[in-house]
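The primary structure of each chain is shown beneath.
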Amino acid sequence: MEAATKPDQDRASGRAEAVAPFKTQLLKWVGSKQKIAHEIVRHFPPRFDAYHEPFLGAAGVMATLTPREGYGSDTFAPLIEIWQALQSDPDKLKGWYETRWRDFTSGNRDAAYQRIKSAYNAGPNGADFLFLTRSCYGGVVRFRKSDGHMSTPVGAHPPIPPKAFARRVDLWRMRLAGCRFDQMDFADAMARARPGDLVYCDPPYSHSQSILYGAQGFSLDRLFDSIAACKARGVFVALSIDGTKKSGLHDCEVPLPAGLFAREIMVTLGRSMLRRFQMGGQSCESEVVRDRLLLTY
Ligand SMILES: C[S@@+](CC[C@H](N)C(=O)[O-])C[C@H]1O[C@@H](n2cnc3c(N)ncnc32)[C@H](O)[C@@H]1O
C-alpha cells in the first residue's frame, strides 16, 4: 500500500540531504531516472534556492527531491498537460485514466487500445497519452519517424486499476505541491533560473533517442550554451549526459566544452543479475544502472 505520507518539508529545495528512494511511478517512461534519483540528488549542492528541471519527462527526480519551490518543463505538450492536471484538477486526471481503463478491461483490450492510440495520434493529448504510457508494450512509448505517430503495440500486462492509480495521483500531488509546470524549450526554462538556483538537466541522448520523445531537434551545443550562461550568473547546473544502462555496451563520448564542468561523477545503483530470455535463458550478466553526472560546481 502506498502511504500518502507528507514529504518532509525540511528536505525541500535548499537542502539536498540524503533523500529516500521513491519508487512509486505515476507514468511509465523509458529513460526515467526515478530508480536512481535518490543517488543523483545526493550530488546536488548542499544549499540552493529554487529547483528547475527543464527536461522533466516522468518527473522521477523532481518527485524524489520534493522541492519546496520547483519549476518543471518539457517541450512535449501531452506530458505537461498531465503535470498541470495533477496540480490543478487531480480528479480530472483520475477520470482520464478510469474511463480508458474501463473501456480497456470491459471487452476487447486490443481494440480498445487501438481506439485510444488512434485518438491520440489524431490529436496528441494528455488524457490518451497517460493511459498509453501505462498500457503499452514494456512501457516504452515510441514515435514513428515518418509521421510522428505513437507506434508501440499494446502490452501484455494488466494496467493498474483506477483505485491504485488514484492513490498514486494523491501521493504525487503532495510531493509536487511546490512545483509548477510549463511547456517550453529548455533554453527558455534555464533562462528563468536566478543566482543560487539549481538546474538539473536530463536531455535526450542524441545517439539513441531520436525515436523517443520526438526529440529529433535537440542540440547538445545549444544546451552547453545555456549551461554556460547559467554558470556565469551563479546558477548551479547538474547534467546527466550518458546514462547507458548496461556497462560496456554503447558508451558515447560527448566532447565537453573546456572549463564548463568542475566535476564528473559516475552514479551507480547496485548490481543485479540480468537474464537474457532471448538467448534461451542461458546467459546471465550483471547489470549496473548508472548515470554520468556532470556538475558545474
Ligand atoms: C531523457 S528524457 C527525461 C527523463 C526524465 N529525467 C525522467 O526521469 O523521466 C528527455 C526529455 O527531454 C524532452 N525534450 C526533448 N527536447 C527538448 C527541448 N528542446 N526542450 C525541453 N525538453 C525537451 C523530452 O520530451 C523528454 O521528456
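Residues numbered from 1 in each chain as written. Predicted model: local features only at pLDDT ≥ 70, side-chain atom pairs only at ≥ 80, totals over all residues.

Engineer: Which residues make up the overall build of the protein chain, and what are the values?
Structural biologist: Helix and strand content of the protein chain: nine helices and seven strands. A buried classification covers 39% of the 297 residues belonging to the protein chain. (Helix = DSSP H or I, 4+ residues; strand = E, 2+ residues; numbered from the N terminus. Buried ≥ 20, exposed ≤ 12 C-beta atoms within 10 Å, placed from the backbone.)

Engineer: Account for the environment of Pro203, naming residues and giving values.
Structural biologist: Inspection of the secondary structure puts Pro203 in the loop between strand E4 (198-201) and helix H9 (220-232). Along the backbone, Pro203 and Phe218 are 15 residues apart, and their C-alpha atoms lie at a distance of 8.2 Å. Once residues within four sequence positions are removed from consideration, Pro203 is found in contact with Phe55, Phe218 and Leu223. (Contact = placed C-beta atoms within 7 Å.)

Engineer: Quick one: what's the story with the pairing of strand E5 (residues 236-240), residue by residue and with numbers?
Structural biologist: Within E5, five of the five residues are buried, which leaves the element mostly enclosed by the surrounding structure. When E4 meets E5, the two strands line up parallel, connected through four bridges. Among the inter-strand pairings, Val199 is bridged to a residue of E5, identified as Val237. (Pairing = 2+ DSSP bridges.)

Engineer: Which residues make up unusual backbone geometry, and what values go with them?
Structural biologist: For Ala59, which is not a glycine, the phi torsion comes out positive at approximately 65°. Within the fold, Ala59 resides in the loop between strand E1 (51-53) and helix H2 (60-65). Even without a glycine there, the phi angle at Thr66 is positive, about 50°. Positionally, Thr66 belongs in the loop between H2 and strand E2 (70-74).

Engineer: Talk me through helix H5 (residues 109-122); I want residue IDs and the actual numbers.
Structural biologist: Here H5 contains 14 residues, and its C-alpha end-to-end distance of 20 Å stays within 8% of the 20 Å for a straight helix at 1.5 Å per residue. Turning to H5, its buried residues are Ala112, Tyr113, Ile116, Lys117 and Tyr120. End-on view of H5: buried residues confined to an arc of 130°, all on one side of the axis. Summarising the geometry of H5, the exposed residues directed more than 90 degrees from the buried face are Asp110, Ala111, Ser118 and Ala122. In this fold, the buried residues of H5 make contact with helix H4 (90-105) and helix H6 (126-135). (Expected span 1.5 Å × (residues − 1). Arc of directions from axis to C-beta.)

Engineer: Requested: an account of the confidence of the model for the protein chain, with residues and values cited.
Structural biologist: Looking at the protein chain as a whole, its pLDDT mean stands at 85, while 80% of the residues score no less than 70. The low-confidence segment residues 1-12 (pLDDT under 50) makes 21 contacts with residues lying over four places distant or belonging to another chain. In the predicted structure, residues 207-211 sits below a pLDDT of 50 and forms eight contacts with residues beyond four places in sequence or in another chain. (pLDDT = per-residue confidence, 0-100.)

Engineer: Just give me the short version of the packing of H4 against H6, but keep the residues and values in it.
Structural biologist: Across the interface, H4 lies against H6 with an axial gap of 9 Å and an inter-helix angle of 55°. In terms of orientation, H4 lies oblique with respect to H6. Along this stretch, H4 crosses H6, giving a crossing that reads as right-handed. On H6, the residues that touch Trp96, Tyr97, Arg100, Trp101 and Phe104 of H4 are Ala127, Leu130, Phe131 and Ser135. Taken together, the residues of the contact of H4 with H6 break down into seven nonpolar, one polar and one charged. (Axes fitted to C-alpha atoms, helices over the stretch in contact; angles between N-to-C directions. Parallel < 35°, antiparallel > 145°, perpendicular 65-115°, else oblique. Left-handed = near helix turned anticlockwise from the far one by under 90°. Nonpolar A, V, L, I, M, F, W, Y, C, P; charged D, E, K, R; others polar.)

Engineer: Before we move on, can you summarise H6 with the specific residues and values?
Structural biologist: Among the ten residues that make up H6, ten are buried, leaving the element largely enclosed by the rest of the structure. If you check which residues of H6 are buried, you get Gly126, Ala127, Asp128, Phe129, Leu130, Phe131, Leu132, Thr133, Arg134 and Ser135.

Engineer: Give a detailed account of the pairing of E2, specifying residues and quantitative values.
Structural biologist: Counting buried positions along E2 gives five out of five residues, so the element sits mostly inside the fold. Neither face of E2 is left uncovered, since the one carrying Gly70, Gly72 and Asp74 and the one carrying Tyr71 and Ser73 both have all their residues buried. The parallel pair E1 and E2 is bridged by H2, and the resulting crossover is right-handed. Bridge count for E2 against strand E3 (residues 179-183) is five bridges, and the pairing is parallel. Residue pairing across strands places Tyr71 opposite Arg180, the latter belonging to E3. (Right-handed = clockwise from strand over helix to strand, strands pointing away.)

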